[in-house]
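Below, each chain spelled out in residue letters.
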Amino acid sequence: MEPQNEAELSEALAGAEGPVSVRGGGTRGVVADGVALRFGGAGISLHEPGALTLVAQAGTPVAQIEAALEAEGQRLAFEVPDMRGLLSTEGESTIGGVVASNASGPRRVSVGAARDFCLGVRFVDGAGRVVQNGGRVMKNVTGYDLVKLMAGSHGTLGVLTEVSLKVLPKPEVAGVLSIDGLSVAEAVAAMSAALGTPWEVTAACHTDLAANDRPSTQLRIEGMAGSVDYRLGRLKEALGRYGEIETAVSDSHDWPWFRDVARFTGGAEDVWRLHCRPSDAPGLVARLPEGAKVMLDWGGALVWAAVPAGTDLRAALGPFDGHATRVRGQGGGIARFHPERPELAALTAGLRAKFDPRGILNRGLMA
């Protein structure tokens, strides 16, 4: 099914006789049971640069939105990851898919996730009802915050048709501070120390194997050139105890190596993402199977792990305060998403019963 507007989508879902697999651009590799549904409504409905707001149809390619913002010196601050290389998928990422999956890159540690930039949404629920929540300005009083509920719901509560977003100005330059040779524990300590300074670090990442065949810890600062130079210098002083430090400044703000998990592109391993407390990351990495490769983001709160195919990583790690999601790999009976606690599962089931009473939207996705 490829409805081209909200009315067609409402009619299609109201008349659906079986499960529906809701997909955006198909770039994130998550497929549920049922007939594939892609919402074709695309286009930027409203962009007010002075108000820092943008409204777009859910099927609008992210590249189109980024181009429109670039022309006004603005950007999507939450740094949308491009998963096509990691997952060997094709197509174009859509803004609806980004919001539905709450896709957020390295800058999340400083500015928040995609859901934090959502001002309003329109969607069609599993019964074919059109729902609108939020608005097109930054100050809304809207009752229940369905905007944040939809962000990260992976199409299980409804199919997005329109999203309203807050955007931010694009800084003049970006500065990067790099420290080579740190262990995971040392890297987490350094990233935590950096994020605790007043120098406004906008990304804190670590990989156990960089281009120079050594572990690399990298911190990013953004802003006006003079400010970035000053803050890089102060941050270098603050982290001097962690070893030799290099700094560089450029007008490039993208971090595809970390944002897109580029190190694991083309590999045969299963790839998992672990959300945890940064202080728990070293212990989790130490419990990974032999030969595992790792990348850390969000100061250590996100651990990407490439492990041998078929590994049940949840069983290998044991219980921890967080969750593990299998992003790449066939599974072999291993659930993609982390099992929910009983009380949370009951809440989720209640929400799905309200928004999708027939249980047709992305059935089996959470298995």
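Read on for an overview of the structure. (Residues numbered from 1 in each chain as written. Predicted model: local features only at pLDDT ≥ 70, side-chain atom pairs only at ≥ 80, totals over all residues. Heavy atoms only, no water.)

### Overview of the overall build of the chain
In step 1: Along the backbone of the chain there are 12 helices and 17 strands.
In step 2: Computed over the C-alpha atoms, the radius of gyration of the chain is 21 Å, within 12% of the 21 Å expected from 2.2 N^0.38 for a compact globule of 367 residues.
In step 3: Projected onto its principal axes, the C-alpha positions of the chain cover 65 × 50 × 35 Å.
In step 4: Counting across all 367 residues of the chain, residues that qualify as buried make up 49%.
In step 5: Across the chain, the fraction of contacts at a sequence separation of at least 24, relative to all contacts at a separation of at least 6, is 71%.
In step 6: Counting only carbon and sulfur atoms, one obtains 52% of the accessible surface of the chain, whose full area is about 15,800 Å².
In step 7: Counting 36 positive and 42 negative side-chain charges, the chain places the averaged centre of each group 4 Å from the other. (Helix = DSSP H or I, 4+ residues; strand = E, 2+ residues; numbered from the N terminus. Rg over C-alpha atoms; globule rule 2.2 N^0.38 Å. Buried < 20%, exposed > 50% of the residue type's maximum accessible area, 1.4 Å probe, protein only. Contact = heavy atoms within 4.5 Å. Areas by Shrake-Rupley, 256 points an atom, 1.4 Å probe, with all protein chains shown as cover. Lys, Arg positive; Asp, Glu negative; His and termini not counted. Charge placed at Lys NZ, Arg CZ, Asp CG, Glu CD.)

### Quick look at the layout of surface pockets
Empty space among the atoms becomes apparent when a probe as large as a water molecule is rolled across them.
In step 1: The volume enclosed by the second largest pocket comes to roughly 540 Å³.
In step 2: Around the second largest pocket sit 23 residues that line it, and Val-62, Glu-66, Val-80, Asp-254 and Arg-259 are the ones nearest its centre.
In step 3: At the level of elements, helix 2 (62–71) and strand 5 (74–75) are the ones that each hand at least two residues to the lining of the second largest pocket.
In step 4: Ranked by the residues each element gives to the lining of the second largest pocket, the list is headed by helix 2, at five residues.
In step 5: Looking at the lining of the second largest pocket residue by residue, the classes come out as seven nonpolar, four polar and 12 charged. (1 Å grid on protein atoms, 1.4 Å probe; cavity = no way out; pocket = protein on both sides within 12 Å on 5 of 7 lines; lining within 4 Å. Points joined across faces, edges and corners; volume = space filled by probe spheres on them. Nonpolar A, V, L, I, M, F, W, Y, C, P; charged D, E, K, R; others polar.)

### What about the pattern of salt bridges?
In step 1: Enumeration according to the criterion identifies 20 salt bridges in this entry.
In step 2: Here Arg-107 makes a salt bridge to Glu-79, at a shortest N to O gap of 3.6 Å. Of the two residues, Arg-107 is situated in the loop between helix 4 (95–101) and helix 5 (108–111) and Glu-79 in the loop between strand 5 and helix 3 (84–87); the sequence distance between them amounts to 28 residues.
In step 3: The class for Arg-107 is buried, based on a relative accessible area of 3%.
In step 4: Relative accessible area serves as the criterion here: at 5%, Glu-79 is assigned to the buried category.
In step 5: The shortest N-O distance in the salt bridge between Glu-269 and Arg-328 comes to 3.7 Å. Residue Glu-269 is found in the loop between helix 9 (256–259) and strand 14 (270–276), and its partner Arg-328 is found in strand 17 (residues 322–328); the two are separated by 59 residues along the sequence. (Salt bridge = Lys/Arg side-chain N within 4 Å of Asp/Glu carboxyl O.)

### Overview of the nonpolar core
In step 1: Membership of the largest hydrophobic core comes to 42 residues, with the highest contact counts inside it found for Leu-13, Leu-76, Ile-95, Phe-123, Val-159 and Leu-160.
In step 2: When residues of this core are traced back to their parent elements, those giving at least two are helix 1 (6–14), strand 1 (20–23), strand 4 (53–57), helix 2, helix 4, strand 6 (118–125), helix 6 (146–150) and strand 8 (158–166).
In step 3: Among all residues touching Leu-13, those that are not within four sequence positions of it are Val-20, Leu-37, Val-124, Asp-125, Gly-126, Gly-128, Val-159, Arg-358, Ile-360 and Leu-361.
In step 4: With 38 residues, the next largest nonpolar core counts Ala-194, Ile-221, Cys-276 and Leu-313 among its residues. (Core = buried A, V, L, I, M, F, W, Y, C linked by side-chain atoms within 4.5 Å.)

### Concerning the side chain of Arg-259
In step 1: Tracing the sequence through the fold places Arg-259 in helix 9.
In step 2: Among the residues examined, Arg-259 registers a relative accessible area of 16% and is labelled buried.
In step 3: Within the local environment of Arg-259, its side chain forms a polar contact with the side chain of Asp-260, the two groups lying 2.7 Å apart.
In step 4: Excluding residues that lie within four positions of it along the chain, Arg-259 makes contacts with Glu-79, Val-80, Pro-81, Asp-82, Met-83, Gly-105, Pro-106 and Asp-254. (Polar contact = N/O pair within 3.5 Å; in protein donor to acceptor, adjacent residues only side chain to side chain.)

### Examining the packing of aromatic side chains
Any two aromatic rings considered together are summarised by their centre-to-centre distance and by the angle between their planes.
In step 1: Summed over all chains, the structure comprises four aromatic pairs.
In step 2: Geometrically, the ring pair formed by Phe-78 and Phe-117 is tilted, given 5.7 Å between the ring centres and 45° between the ring planes. In this pair, Phe-78 is assigned in the loop between strand 5 and helix 3 and Phe-117 in the loop between helix 5 and strand 6, connecting sequence segments 39 residues apart. As far as the burial class goes, Phe-78 and Phe-117 line up, both buried.
In step 3: Between Trp-199 and Tyr-230, the ring centres sit 5.8 Å apart and the planes meet at 85°, which makes this aromatic pair edge-to-face. One end of the pair, Trp-199, is in the loop between helix 7 (184–195) and strand 11 (201–207); the other, Tyr-230, is in helix 8 (residues 225–238), and 31 residues separate them in sequence.
In step 4: In this structure Tyr-230 comes out as partly exposed when scored by relative accessible area, which is 45%.
In step 5: Across from the ring centre of Phe-117, 5.0 Å away, lies the NZ or CZ of Lys-166, which sits over that ring.
In step 6: The residue whose ring lies beneath Arg-220 is Trp-255, and the NZ or CZ to ring-centre distance is 4.9 Å. (Phe/Tyr/Trp six-rings, centres within 6.5 Å; stacked < 30°, edge-to-face > 60°. Lys NZ or Arg CZ within 6 Å of the ring centre and 35° of its normal.)

### Some remarks on the sheet that holds strand 17
In step 1: The eight strands are arranged 13-10-12-11-15-16-14-17 in an open sheet whose pairing can be described as antiparallel. Looking at strand neighbours, the two that pair on one side only are strand 13 (245–250) and strand 17, the edges of this open sheet. This sheet shows a mean twist of 20° between the axes of neighbouring strands, independent of strand direction.
In step 2: In this fold helix 7 packs onto strand 11, strand 12 (216–223) and strand 15 (293–297), with an angle of close to 175° to the strand it touches most, strand 11.
In step 3: The sheet strands contacting helix 8 are strand 10 (173–180), strand 11, strand 12 and strand 13, and the helix crosses strand 12 at an angle near 145°. (Pairing = 2+ DSSP bridges. Axes fitted to C-alpha atoms, helices over the stretch in contact; angles between N-to-C directions.)

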